[in-house]
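# Architecture and fold: a report
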Amino acid sequence: MTRIVVVGSINMDLVTLALRFPAPGETLLGDRFLTVHGGKGANQAVAAARLGARVCMVGAVGDDTFGQQLHDGLAHEGVATEHVRRIADCGSGTASITVAGGENQIVVVPGANARVTPTHVEQAQSTIAQADAMLVQMEIPLETVEATLRLGHRLGVPVILNPAPARQLPVEWLKLARYVTPNQHELATLLGADEHEDFRALMLRAPCPVVLTRGAEGAWYADGAELVHQPGFKVDVIDTTGAGDTFNAALAVFLRKGLPAAVRIACAAAALSVSRLGAQGGMPRHNELEAWLADQG
Ligand code: RIB
């Protein structure tokens, strides 16, 4: 069984469905409201567990009602939670999400996620040392992202860095990642480059191996000096929230099959995830994904 450690955020997603996004200053009537479990870290942990991996989550929730629900939700999905801390006098992370026409807008308030420290990651060292891969994103403090990259590198455990939400990072940090998985906008921000520069040129210039996600168009990765395009799979889009998280989880779980196969499976998993509502709502299980991929030929 593939063992994955995820270091990252755990949020309660407050999702509003509307026909369109409101303009600044405008009040709109929405169609539906739902409260679902999310956070890039927790989403990646749940997606990896559903795909058959043994997953340990390193993160934090607050001592509010959301915190207990989020903790229990992870445990219910089979994710090990001994490194999920409950922070006293602190709210859990929240994400206010508006979904309209298959697109989303998200505002994240980090809450307890801002209290995930390098020490917290070091305390999970014995679990990390036995992992096949680690996943880390950027909804936790950057010093903790750096500590994760350094620890993975020191222990010889490949780290996949999903640089979302995007910020520019030091080149030395990027060199510690086995793969960095931005979208086009995140790659430009990460490298401090012009957003309009061709993403292929940016990929070739990056100081680390990049697997670039392009939404419905699939993903790109480098094979030696060549860039390879894995086309996306066609599905009816309901909600794209969590598609990137599903992609990253599948990439980590199936990396042992080699990068081309892992990227193809990751694109398929991400496609399936957008066909249902909620970040974790559409994340496929291993047997569902295998059967669907077999049907695609
Ligand atoms: O990647 C999707 C996630 O981003 C949502 O679940 C939300 O919590 C935000 O963190």
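Residues numbered from 1 in each chain as written. Predicted model: local features only at pLDDT ≥ 70, side-chain atom pairs only at ≥ 80, totals over all residues. Heavy atoms only, no water.

Once that is clear, we can look at the packing of helix 10 (residues 259–273) against helix 11 (residues 286–296). Where helix 10 contacts helix 11, the axes come no closer than 10 Å and their chain directions differ by 105 degrees. Considered as vectors, helix 10 and helix 11 are oriented roughly perpendicular to each other. Contacts between helix 10 and helix 11 involve R264, I265, A268, A269, A271 and L272 from the first element and L289, W292 and L293 from the second. (Axes fitted to C-alpha atoms, helices over the stretch in contact; angles between N-to-C directions. Helix = DSSP H or I, 4+ residues; strand = E, 2+ residues; numbered from the N terminus. Parallel < 35°, antiparallel > 145°, perpendicular 65-115°, else oblique. Contact = heavy atoms within 4.5 Å.)

Now for the sheet that holds strand 8 (residues 133–136). Spatially, 6 strands are ordered 5-4-1-8-9-10 in an open sheet, and the strand pairing comes out parallel. Lying at the two open borders of the sheet, with one neighbouring strand each, are strand 5 (80–87) and strand 10 (179–180). For strand 1 (residues 3–7) and strand 4 (residues 54–62), the ladder comprises 5 bridges, and the chain directions are parallel. Opposite V5, over in strand 4, you have C56 as the bridge partner. Packed on one face of the sheet, helix 9 (residues 243–254) meets strand 1, strand 8 and strand 9 (159–161) and runs near 165 degrees to strand 8. (Pairing = 2+ DSSP bridges.)

For helix 2 (residues 65–76), built from 12 residues, the straight-helix expectation of 16 Å at 1.5 Å per residue is met to within 8% by its first-to-last C-alpha distance of 16 Å. Among all positions of helix 2, only G67, L70, G73 and L74 are buried. The buried side chains of helix 2 occupy one side of the element, clustering within an arc of 130 degrees when seen end-on. The exposed residues of helix 2 that point more than 90 degrees off its buried face are T65 and H76. Those residues of helix 2 hidden inside the fold are in contact with strand 2 (11–17), strand 3 (32–38), helix 1 (40–50), strand 4 and strand 5. Of the residues flanking the end of helix 2, it is G78, one or two places downstream, whose phi is positive at about 85 degrees. (Expected span 1.5 Å × (residues − 1). Buried < 20%, exposed > 50% of the residue type's maximum accessible area, 1.4 Å probe, protein only. Arc of directions from axis to C-beta.)

So, on to the pairing of strand 13 (residues 226–230). Here 5 bridges tie strand 12 (residues 219–223) to strand 13, and the two strands are oriented antiparallel to one another. What sits directly across from D223, in strand 13, is E226. Following strand 12, the chain reverses through 2 residues before pairing antiparallel with strand 13; G224 in that reversal takes a positive phi of roughly 65 degrees.

Looking at the ligand, there are 13 residues lining it, with D13, G39, K40, E139 and D245 nearest. Side-chain polar atom of D13 to an oxygen atom of the ligand: 2.6 Å apart, as the coordinates give it. Within the contact set of the ligand, an oxygen atom lies 2.9 Å away from a backbone nitrogen or oxygen of G39. For the ligand, whose free accessible area comes to 280 Å², the fraction covered by protein is 96%. Elements supplying a minimum of two residues to the shell around the ligand: strand 2 and helix 1. By residue class, the composition of the shell around the ligand is 3 nonpolar, 6 polar and 4 charged. (Near = heavy atom within 4 Å. Polar contact = N/O pair within 3.5 Å; in protein donor to acceptor, adjacent residues only side chain to side chain. Areas by Shrake-Rupley, 256 points an atom, 1.4 Å probe, with all protein chains shown as cover. Nonpolar A, V, L, I, M, F, W, Y, C, P; charged D, E, K, R; others polar.)

What follows concerns the packing of aromatic side chains. Per the counting criterion, the structure on display carries 2 aromatic pairs. Here the aromatic rings of F199 and W220 are separated by 5.4 Å at their centres, their planes lie at 70 degrees, and the arrangement is edge-to-face. Linking F199 in helix 8 (residues 199–205) with W220 in strand 12, this pair joins segments that are 21 residues apart in sequence. The pair formed by F199 and W220 is uniform in burial state, with each residue classed as buried. (Phe/Tyr/Trp six-rings, centres within 6.5 Å; stacked < 30°, edge-to-face > 60°.)

Strands sit in the order 3-2-6-7 across an open sheet of 4 strands; the sheet is mixed. Unpaired on one side and paired on the other, strand 3 and strand 7 (103–109) mark the two borders of the sheet. Across the sheet, the axes of successive neighbouring strands diverge by a mean angle of 20 degrees, strand direction being ignored. This element, helix 2, spans strand 2, strand 3 and strand 6 (93–100) of the sheet and lies at about 100 degrees to strand 2.

Cis rather than trans, the peptide bond between A164 and P165 has omega equal to -5 degrees. Looking at where P165 falls in the secondary structure, it is placed in the loop between strand 9 and helix 6 (171–174). Positive phi values are uncommon outside glycine, yet D89 reaches one of about 55 degrees. Looking at the element boundaries, D89 is found in the loop between strand 5 and strand 6.

Another aspect to go through is the pattern of salt bridges. Across all of its chains, the model carries 9 salt bridges by this definition. R20 is the partner of E26 in a salt bridge, and the nearest nitrogen-oxygen pair spans 2.6 Å. Exposure remark for E26: the relative accessible area of 30% places this residue in the partly exposed category. For E146, the salt bridge is made with R150, and the minimal N-O distance between the two is 2.9 Å. Of this pair, E146 and R150 both sit in helix 5 (residues 142–155), 4 residues apart, which is roughly one turn of that helix. Among the residues examined, R150 registers a relative accessible area of 40% and is labelled partly exposed. One network of salt bridges, in which partners are shared, links R50, E77 and R285. (Salt bridge = Lys/Arg side-chain N within 4 Å of Asp/Glu carboxyl O.)

Geometry only, nothing functional implied.
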